[in-house]
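Architecture at a glance
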Amino acid sequence: MTDRRNVLFIMCDQLRFDYLSCAGHQTLHTPNIDRLASRGVRFTNAYVQSTVCGPSRMSAYTGRYVRSHGSTLNGVPLRVGEPTLGEHLREIGVRCALIGKTHMRADEEGMERLGIDKTSIIGVRVAECGFEPFERDDGLHPSSAYDPDPAYDQYLREHGFDAANPWEHWANSGEGENGENFNGWLLVHADKPARIPEEHSETPYMTRRAMRFIEEAEAKGEAWCAHLSYIKPHWPYIVPAPYHDMYGKADIKPVVRSEAERVSPHPIFEAFQQERYSRNFSRDEVRERVVPCYMGLIRQIDDQLGGLFEFMEQRALFDNTMIVFTSDHGDYLGDHWLGEKYLFHDVAAKVPMIVCDPRRQADATRGTTSDALVEMIDLAPTFLDFFGGKAKPHVLEGRSLLPLLAGQDVNWRRHAVSEYDYGGDAARLKLAMPVADCKLYMITDGRFKLVHGEGLAPMFFDLHGDPDELRDLGTEASAAADIERLRQALFRWLALPNNRITAAEEWLTGNDDRMRHFDPLIEPGVLIGYWDEAELAEQRERRRRWLSRGSGE
């Protein structure tokens, strides 16, 4: 390795953990992602901190749980002042850039209250999760106050694809045999090719932009962290030719669901089963139309990563660049009679995570898998550690993965936690729940999984005996002891958020030696609790003797 290090942080959107050939998919081949796994560690128990884009990503970008950073729903701003990955890395001289999506909504009210100009350098960083927005592309949110005409839309117009919203009209609409424009939001059109040539679609475009950033940073001799954040395979489920018909009905994994899941299901489970997206994805004809497209979107990502990795090989960047491949959450795709994400079955809450560490210390673990309970919040402290920054455990609630990557026998976490606020969902109305009570928590120890919600019975799964999570044991007496054990672990976690982020532990422990020898409250001349002059004099003498140790008396 050279002295200068880099990080390539690749995140897909809505990619399931089991839709890679290295994770066991039989018909979807992802040779380039597999090759990355052969050079690093594939974590098989990586959990996101929320099962929707915004909160999950805010946890990734802050290294903090949702209960701590407060961005609990899509559209809920990340508050001004919340420390982010970009800020932590910028402090140690690392250029941290975004190429793609964040799903970040800026705290404009907080910025106005503090007098922060949203067009200033500080304002843009606050609005972009601390990243330098080399190119932001949130897709279905085609414009914002910070970028009213996104570069990708401009690019499409320059290549002859003009429209008020070319992202939707061209890149994410289907084209019929006679040039018809079919609405890409409608699932029935998922088998049609996108209306633009493949090279002009989002995934290749954003890959080229990542290469451009890397070239620029390398030319300047900068240490860099590039967050390449693909919008796909998130809906609209539309992919350009030749990927639109690369897979068919025979390539689809069998659906994971049982009729028993619809017989007296848990109330929150039943409420989400009733949503339109769940009712449609429960139909075989919908899955047969959408899942091959979903697979094509993933294969396109893999092909583009092949080009990116070749670009890096030519520049010897594998020698000094940590590469992470992951996703912000999964996709039910009809499993458990559900669509979208939201709840906590593994197909939604568990994600692929591959970490390729170029350090010599990581040679022993190359090409291995790890079943350690890993959380998305672990990436921020891992990057800080990799770049040689000082650890910030009072701020970052995740843990550096470097010891695991080096094969060290460490005392790792015993539980992984995820959260979801369903206050904005129709489920709240169906359950007649007050907004303040609409919080769901998932905790797993790798063997069992508990879903806890205020006013609701627990959902509980035995991940070893029932890996497909088809049988909810939440009301069974035989599971009561394990349910209570995980419930108590969840309550301990809820009771210990990292809220003292402006002062490290050293601020508290720095006086430990003084407290062992004399009362430090005597230091500033504040005399609390003393009885008389004799007691005060005794303390002053102890203080004098302690201070004299450093003077050699």
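Before reading on, note that the structure itself is shown above.
Right, let's walk through the structure included here.

About the criteria used
Residues numbered from 1 in each chain as written. Predicted model: local features only at pLDDT ≥ 70, side-chain atom pairs only at ≥ 80, totals over all residues. Heavy atoms only, no water. Helix = DSSP H or I, 4+ residues; strand = E, 2+ residues; numbered from the N terminus. Rg over C-alpha atoms; globule rule 2.2 N^0.38 Å. Buried < 20%, exposed > 50% of the residue type's maximum accessible area, 1.4 Å probe, protein only. Contact = heavy atoms within 4.5 Å. Areas by Shrake-Rupley, 256 points an atom, 1.4 Å probe, with all protein chains shown as cover. Phe/Tyr/Trp six-rings, centres within 6.5 Å; stacked < 30°, edge-to-face > 60°. Salt bridge = Lys/Arg side-chain N within 4 Å of Asp/Glu carboxyl O. Expected span 1.5 Å × (residues − 1). Pairing = 2+ DSSP bridges. Polar contact = N/O pair within 3.5 Å; in protein donor to acceptor, adjacent residues only side chain to side chain. Axes fitted to C-alpha atoms, helices over the stretch in contact; angles between N-to-C directions.

Quick word on the overall build of the protein chain
On a plain count of helices and strands, the protein chain comes out with 20 helices and 15 strands. Computed over C-alpha atoms, the radius of gyration of the protein chain comes to 26 Å, within 12% of the 24 Å expected from 2.2 N^0.38 for 553 residues, which places it in the range of a compact globule. Viewed in the frame of its principal axes, the protein chain has a C-alpha envelope of about 100 × 65 × 50 Å. Buried residues in the protein chain amount to 56% of all 553 residues. Pairs at least 24 residues apart make up 73% of the contacts formed inside the protein chain by residues separated by at least 6 positions. Here the protein chain displays about 23,300 Å² of accessible surface, and carbon together with sulfur accounts for 50% of that area.

Side note on the packing of aromatic side chains
In this structure the tally under the stated criterion is 23 aromatic pairs. Centre to centre, the rings of Tyr441 and Trp493 are 6.2 Å apart; their planes meet at 70°, and the pair counts as edge-to-face. Of this pair, Tyr441 sits in strand S13 (residues 439-444) while Trp493 sits in helix H17 (residues 480-495); the two residues are 52 residues apart in sequence, bridging distant segments of the chain. An identical accessibility class is assigned to Tyr441 and Trp493; each is buried. Feature note: the residues Tyr19, Tyr237, Phe281 and Tyr294 constitute an aromatic cluster, connected by ring pairs.

Points about the pattern of salt bridges
Summed over all chains, the structure comprises 47 salt bridges. Measuring nitrogen to oxygen at the nearest pair gives 3.1 Å for the salt bridge that ties Arg16 to Asp335. Placement of the pair is Arg16 in the loop between strand S1 (6-13) and helix H1 (31-38) and Asp335 in the loop between strand S8 (321-327) and helix H13 (346-349), with a sequence separation of 319 residues. Its salt-bridge partner being Arg471, residue Glu476 comes within 2.8 Å of it at the nearest N-O pair. Judged by its relative accessible area of 27%, Glu476 falls in the partly exposed class. By sharing partners, the salt bridges in this structure join Arg95, Glu132, Glu216, Lys220 and Glu222 into a single network.

As for helix H9 (residues 202-219)
With 18 residues, H9 extends 26 Å between its outermost C-alpha atoms, agreeing within 8% with the 26 Å of an ideal straight helix rising 1.5 Å per residue. Of all the positions in H9, only Glu202, Thr203, Pro204, Tyr205, Met206, Thr207, Ala210, Met211, Phe213, Ile214 and Ala217 are classed as buried. Close packing links the buried residues of H9 with strand S3 (94-100), strand S4 (132-136), helix H7 (151-158), helix H8 (166-171), strand S7 (223-233) and helix H12 (284-314). One or two residues past the end of H9 sits Gly221, with phi positive at roughly 70°.

Re the pairing of S7
Counting buried positions along S7 yields 11 of 11 residues, so the element is predominantly enclosed. With six bridges connecting them, S1 and S7 associate as parallel partners. Within S7, the residue paired with Asp13 across the bridge is Pro233. Pairing geometry for S3 and S7, over seven bridges, is parallel. Its bridge partner being in S7, Ile99 is matched across the sheet by Leu228.

Thoughts on the side chain of Thr62
For Thr62, the position within the fold is in helix H2 (residues 53-62). Side-chain polar atoms of Thr62 contact the backbone oxygen of Met58, separated by 2.7 Å. Within the structure, the side chain of Thr62 is placed 3.2 Å from the backbone nitrogen of Arg64, a separation counted as a polar contact. Excluding residues within four positions of it along the chain, Thr62 makes contact with His69, Leu78, Glu82, Pro83, Thr84 and Leu396.

Remarks on the sheet that holds strand S15 (residues 459-462)
Here four strands make up an open sheet; going across it, the order is S12-S13-S14-S15 and the pairing antiparallel. What marks the edges here is a single partner per strand, and that holds for strand S12 (416-421) and S15. Neighbour-to-neighbour, the strand axes of the sheet open up by a mean angle of 10°, direction not taken into account. Pairing of strand S14 (residues 448-453) with S15, which is carried by four bridges, proceeds in the antiparallel orientation. Paired with Leu450 across the two strands is Phe460, which belongs to S15. Along the sheet, H17 contacts S12, S13, S14 and S15; its crossing angle with S14, the most-contacted strand, is approximately 60°.

Examining the side chain of Asp357
Mapped onto the elements, Asp357 comes out in the loop between strand S9 (350-356) and strand S10 (368-370). Relative accessible area serves as the criterion here: at 2%, Asp357 is assigned to the buried category. Polar contacts involving the side chain of Asp357 include one to the side chain of Arg359, which spans 2.8 Å. Setting aside residues no more than four positions away along its own chain, Asp357 makes contact with Met322, Ala362, Arg366, Phe386, Leu402 and Leu405.

Here's the deal with H2
Along H2, 10 of the 10 residues are buried, which leaves the element largely enclosed by surrounding structure. Burial in H2 covers these residues: Cys53, Gly54, Pro55, Ser56, Arg57, Met58, Ser59, Ala60, Tyr61 and Thr62. Of the residues flanking the end of H2, it is Gly63, one or two places downstream, whose phi is positive at about 70°.

A short note on the pairing of S14
Among the six residues of S14, six are classified as buried, and the element is accordingly described as predominantly covered. Alternating residues of S14 divide into Phe448, Leu450 and His452 and Lys449, Val451 and Gly453, and every residue in both groups is buried. Pairing between S13 and S14: five bridges, direction antiparallel. Across the sheet, residue Met442 finds its bridge partner in S14, namely Val451.

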